[in-house]
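# Structural overview
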Amino acid sequence: MIWLHRYAKLVVASTVLLIAAGGMVTSTGSGLSVPDWPNTYGWFMFSFPMDKWVGGILYEHSHRLIASTVGFLTVILAIWTWRVEPRAWVRRLGFAALGAVILQGLLGGLTVLLLLPAPISIGHAGLAQLFFCLTLVLALVTSPSWSADRPPINDHALRAFATVTTLFVYGQILLGATMRHTGAGMAIPTFPLAFGHVLPPVWSPAIAIHFAHRVGALCVVLAIFTTAIQVWRHHRDRPDLVRTATLLVLFVCSQATLGALVVISGLSPVINTAHVVNGALVLGASLVLTLRSWRDVSVHSVVAGEHRDTGTRSGDMKRSLRDPRGARV
Amino acid sequence: MRMNALRPTAAVAILCLAVACSQDKQAAPSGPPPNAKVVDESKAGNLSGRVTVEGAVPSNPPIKMSADPYCLRENPNGAMFENFVVNNGGLENVFVYVKDGLGGYYFEVPTQPVKLDQKRCHYSPHVLGVRAGQTLAISNSDETLHNVHALPDVNSEWNKGQPLKSMVDEKIFTAREVMVPFKCDVHNWMQAFVGVMDHPYYAITRDGGTFELKHVPAGTYTVEAWHEKLGTQAQTVTLGEKESKEITFTFKPSGAATK
């Protein structure tokens, strides 16, 4: 089981790399440098000569190859989880990740063939983050720390804060994707003020999207600090929560700095991509904190659900029903 | 159950949409409308002139071609963007055209294609005109890959790969549009601008900013000059039968007109 967890972590890391490669494609404006799909300039994708990986093709073709690799790794993850994992919901999660990565590939192809229509490109960016979350959840729930016997948290405020924070972060990522794929990244070219004012003196759809992303950033920072303070004040005895909350604060501080630098640098591709990748890390850390805060609640409900789904699937499950806190959920 | 039945239909619809969007050619415009007027060239005049630039002209930034070793080799002395081409005070690569006033004239669409080449990792020419319905032949003279990506607002957008030297693709724009930007997403410095016109009265300034519009029928016209960085300027010109007139457009980069 530990190897499944390690493998899931490998898939998470590969997904971060894939998000970085996708970020470079958009940031360098290379999304249409390979006009065909699934072929590459008529070549079978995997036999496209390396000496032709020039200019924007380097970014787009690398993105496709990394995506194919992640897709292959996800097939193995889904099958492996299905074969060795006793929890039905985790097995289903493995196949949800597989479905997400297949849909993601199709969206990627469709956005190339349809010349990057904003809704499909935004959907592609949004689904990338959901797929990342799925792989992260799989890595988390197959980890030994998830199954470790711990006193329950029973902090309704933390659960609410963490859940709202995660939803805020994902909403903010969708706003950012909308900004990138509608060309609104420099709609407000000054930072921190908007054209020298707190509120933009002129408005257009692009300025509105850009400004909403800035306001969203403030909301996210506020939500993350509220959640982190809740952890630091009331759960100092839980190093797993404190560590995740601290990491989350560090990520969001980096994210705000990178966001400012994106504007100041005039959309430098490297900084822009770092902002996208770090955004995924903010979402990931927030999600892990949320799931850990809900873990003890899920013991009862999931074990009960497992019992309904499969009957008494194993001796372990019978024991876990007697002692939910010690169950692998 | 109904949703399941719809899934194959939706997949086929998406596939058809994708195929339709990747079609090479668009339909040409239809023939002359009834009661269309034809220009009598024996009574037509000429409109010529010059586009000048006043004040300091921004310098063209250098192009970084390190992303493609072939382009680097083909431009051993480096290359600059072609935003501002000034010769003896005249501004070149300006698209000058009759914007308004031609009324109900009908003009035959030329059968000869207009050529746009990709050479030494540049579009050549940088600015050109083509008639709606006329074939635009785009070729690749380079031993590297290019993609030809047209980004019109009125016509349909398309993107075509040309991975091999000597490849030629033929495209047709169906509607008037000033201007259609072209780019290569492989080499992000490559840009061209194509003016799509529904009449033959357009020219691109060359040789010190000069231009000439021949065989223009008598009438009052709005003539516009378009530049990729300096925007547009327009003038109203009245031309009599067999008359030749000269007009001058002057762009000032600091207080440039905008499109």
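Here's a quick rundown of the structure. Keep in mind it's a predicted model, so treat the numbers as computed, not measured.

What counts, and where the lines are drawn
Residues numbered from 1 in each chain as written. Chains lettered and ligands numbered in written order. Predicted model: local features only at pLDDT ≥ 70, side-chain atom pairs only at ≥ 80, totals over all residues. Axes fitted to C-alpha atoms, helices over the stretch in contact; angles between N-to-C directions. Helix = DSSP H or I, 4+ residues; strand = E, 2+ residues; numbered from the N terminus. Left-handed = near helix turned anticlockwise from the far one by under 90°. Contact = placed C-beta atoms within 7 Å. Nonpolar A, V, L, I, M, F, W, Y, C, P; charged D, E, K, R; others polar. Core = buried A, V, L, I, M, F, W, Y, C linked by C-beta atoms within 7 Å. Buried ≥ 20, exposed ≤ 12 C-beta atoms within 10 Å, placed from the backbone. Parallel < 35°, antiparallel > 145°, perpendicular 65-115°, else oblique. Pairing = 2+ DSSP bridges.

## A few points about the packing of helix α4 (residues 118-141) of chain A against helix α6 (residues 156-181) of chain A
Residues and elements named next belong to chain A. Following both chains from N to C, one finds α4 and α6 inclined at 145°, their axes separated by 9 Å at the closest point. Crossing of α4 over α6 shows right-handed handedness. Contact with α4, carried on its side by Ala118, Ser121, Ile122, Ala125, Gly126 and Gln129, involves Tyr170, Ile173, Leu174, Ala177, Thr178 and His181 of α6 and no other residues of that element. Across the contact of α4 with α6, the residue classes break down as seven nonpolar, five polar and no charged.

## Observations regarding the nonpolar core
Proteins that are soluble and globular tend to have nonpolar side chains buried together. By size, the foremost hydrophobic cluster in this structure holds 116 residues, and its most contacted members are A:Ala97, A:Leu136, A:Val137, A:Leu138, A:Leu248, B:Val96 and B:Val194. Aside from chain neighbours lying at most four places away, what touches A:Val137 is A:Leu93 and A:Leu291. Judged by nonpolar contacts, the second largest core, of five residues, contains A:Leu175, A:Met179, A:Ala184 and A:Ile209.

## Side note on unusual backbone geometry
Note the cis peptide between A:Trp37 and A:Pro38, where omega equals 5°. Note that A:Pro38 resides in the loop between α1 (2-27) and α2 (55-84). Going from B:Ser124 to B:Pro125, the amide bond is cis rather than trans, its omega being 0°. Within the fold, B:Pro125 resides in the loop between β6 (122-124) and β7 (127-131). In the Ramachandran plot, A:Asn154 falls in the positive-phi region, its phi being about 50° despite a non-glycine side chain. Inspection of the secondary structure puts A:Asn154 in the loop between α5 (144-147) and α6. Given 10 C-beta atoms within a 10 Å radius, A:Asn154 is considered exposed. The phi dihedral of A:Phe195 is positive, around 55°, even though this residue is not glycine. Position of A:Phe195 among the secondary structure elements: in the loop between α6 and α7 (205-234).

## Brief notes about the packing of α7(A) against helix α8 (residues 239-264) of chain A
Residues and elements named next belong to chain A. Relative to each other, α7 and α8 sit at 160°, their axes nearing to 9 Å. Relative to α8, α7 is oriented roughly antiparallel. Judged by the sense of rotation from one axis to the other, the crossing of α7 with α8 is left-handed. Seen from α7, the contacting residues are Ala217, Val220, Val221, Ile224, Phe225, Thr227, Ala228, Val231 and Trp232; seen from α8, they are Leu241, Val242, Ala245, Leu248, Val249, Val252, Ala256 and Gly259. Considered class by class, the residues forming the contact of α7 with α8 number 15 nonpolar, two polar and no charged.

## Considering the pairing of strand β17 (residues 231-239) of chain B
All names here are of chain B. Note: strand β16 (residues 219-227) against β17, nine bridges, orientation antiparallel. Paired with His227 across the two strands is Gly231, which belongs to β17. Taking the residues between adjacent antiparallel strands as the criterion, β16 and β17 are bridged by three residues.

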